[in-house]
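Chains, contacts and geometry: an overview
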Amino acid sequence: MAALQRRGLQTRILSSEEEEKLKRGQALVSDFKQQKLEKEAQKNWDLFYKRNSTNFFKDRHWTTREFEELRSCREQNPLYNTERCKVFQCDLTKDDLLEHVTPESVDVVTLIFVLSAVHPDKMHLVLQNIYKVLKPGKSVLFRDYGLYDHAMLRFKAGSKLGENFYVRQDGTRSYFFTDEFLARLFLDTGYEEEVNEYVFRETVNKKEGLCVPRVFLQSKFRKSQKTPAPVTPDLGHES
């Protein structure tokens, strides 16, 4: 088993079979079911983490290779101090981070396979929330599913919620990003683009004749030194 990786600024080119499969799965899940999934999103993810607490998550050693900003954050670093770490749970689309974190006090924010689980209509709320606690000139480090990733092509008919947005059998949802969509999302919230590119990985098993094409979007967006704060979102009320 071998993994090959490259980077690029263009989306992956689909085969004719893959294009046909996507065309067959264009029917959207009903509005009633979509509203139910949104209402039960937290419950579905809680159940996911409960089922996969010991057999799903692995140490992400690649993060320090891909993001140099994180190299001083590893636990073995002598500067690591547990007394300075504050662990808390929140819903970034509703809960105000300022209740836990001092304004403009954070040096780096990681959004690694986080934003894809949020409904596209609420992603800007996450970025606005983070903006308030990030220091001017500091960055958000992003990595998540890219358009035409293998996971996207595996969804069966009846799983599509919207453009590039799908639901798994367990009720958890996933969005697959294009670089244009992500850039617009960050820039409209007041960030500046540093890096925004696709990462293409192929897991190849020659013996089995297997090739799994993975597509991720890896990016860095910086809070400007002199950018006015964006409009504060209403994080506590829904109509």
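- As annotated in an unreviewed UniProt entry, the protein carries the name Methyltransferase 6, tRNA N3-cytidine and comes from Moschus moschiferus.
- As stated in UniProt under Sequence similarities (unreviewed entry), the record for the protein gives "Belongs to the methyltransferase superfamily. METL family."

1. Focus on the side chain of T63
- Looking at the secondary structure, you find T63 in helix α4 (residues 62-66).
- When neighbours within four sequence positions are excluded, T63 is seen to be in contact with L70 and I112.

2. Quick notes on the nonpolar core
- Membership of the largest hydrophobic core comes to 33 residues, with the highest contact counts inside it found for L115, F177 and Y191.
- Sorting the residues of this core by element identifies β2 (106-112), α5 (123-133), β3 (134-145), β5 (165-167), α7 (179-189), β7 (191-205) and β8 (210-223) as the ones contributing at least two each.
- Setting aside residues no more than four positions away along its own chain, Y191 makes contact with L127, I130, Y131, L134, V140, F186, F221, R222 and K223.
- If you look at the next biggest cluster of nonpolar residues, it comprises 11 residues, including Y145, L147, V199 and F216.

3. Describing the sheet that holds strand β6 (residues 173-175)
- With antiparallel pairing, the 3 strands of this open sheet are ordered in space as β4-β5-β6. In the strand order of this sheet, the two ends are held by β4 (160-162) and β6, each with one partner. The average undirected angle you get between the axes of adjacent strands in this sheet is 30°.
- Two strands pair when backbone bridges link them, and β5 and β6 are joined in this way by 3 bridges, in the antiparallel orientation. Bridge assignment links F165 to a residue of β6, and that residue is Y175.

4. Details of helix α3 (residues 41-51)
- Those residues of α3 lying buried are A41, N44, W45 and F48. The buried residues of α3 occupy an angular sector of 95° when the element is viewed end-on, so they sit on one face.
- In this structure, the buried residues of α3 make contact with α2 (31-39) and β6.

5. Here we look at the pairing of β3
- In the sheet, β2 pairs with β3 via 6 bridges, with the strands oriented parallel. Counted as the bridge partner of V109 is V140 from β3.
- Taken together, β2, α5 and β3 form a β-α-β motif whose crossover is right-handed.
- Of the pairings in the sheet, the one linking β3 to β8 comprises 7 bridges and is antiparallel in character. Note on β8: the bridge partner recorded for L141 is K220.

6. Some points on the packing of aromatic side chains
- The final tally for this structure, using the stated rule, is 19 aromatic pairs.
- Note on F155 and F176: the rings are 6.2 Å apart at their centroids and 80° apart in plane angle, and the pair reads as edge-to-face. Of this pair, F155 sits in the loop between α6 (150-153) and β4 while F176 is found in the loop between β6 and α7, placing the two residues 21 residues apart along the sequence.
- The buried category is assigned to F176, whose relative accessible area is 1%.
- Through pairs of rings, three or more aromatic residues link up here, namely Y131, F142, F165, Y175, F177, F181, F186, Y191 and F221.
- Here the basic side chain of R6 rests over the ring of F200, its NZ or CZ set 4.4 Å away from the ring centre.

7. So, the packing of α5 against α7
- Between α5 and α7, whose axes approach to 9 Å, the crossing angle comes to 45°. Judged by the inter-axis angle, α5 sits oblique to α7. For the element pair α5 and α7, the recorded crossing hand is right-handed. On the side of α5, the interface is formed by M123, H124, L127, Q128 and Y131, while α7 contributes F181, L185, F186 and T189.
- For the contact of α5 with α7, the class distribution of residues is 6 nonpolar, 3 polar and no charged.

8. Some thoughts on unusual backbone geometry
- Positive phi is not limited to glycine here, since E104 has a value of about 50°.
- Locating E104 in the fold gives a position in the loop between α4 and β2.
- Look at E104 and you get partly exposed, because its relative accessible area is 41%.
- In this model, Y148 sits at a positive phi of 70°, which is unusual for a non-glycine residue.

Reading the values: the criteria
Residues numbered from 1 in each chain as written. Predicted model: local features only at pLDDT ≥ 70, side-chain atom pairs only at ≥ 80, totals over all residues. Heavy atoms only, no water. UniProt positions renumbered as here; feature names shortened; annotations may be inferred. Helix = DSSP H or I, 4+ residues; strand = E, 2+ residues; numbered from the N terminus. Contact = heavy atoms within 4.5 Å. Core = buried A, V, L, I, M, F, W, Y, C linked by side-chain atoms within 4.5 Å. Buried < 20%, exposed > 50% of the residue type's maximum accessible area, 1.4 Å probe, protein only. Pairing = 2+ DSSP bridges. Axes fitted to C-alpha atoms, helices over the stretch in contact; angles between N-to-C directions. Arc of directions from axis to C-beta. Right-handed = clockwise from strand over helix to strand, strands pointing away. Phe/Tyr/Trp six-rings, centres within 6.5 Å; stacked < 30°, edge-to-face > 60°. Lys NZ or Arg CZ within 6 Å of the ring centre and 35° of its normal. Parallel < 35°, antiparallel > 145°, perpendicular 65-115°, else oblique. Left-handed = near helix turned anticlockwise from the far one by under 90°. Nonpolar A, V, L, I, M, F, W, Y, C, P; charged D, E, K, R; others polar.

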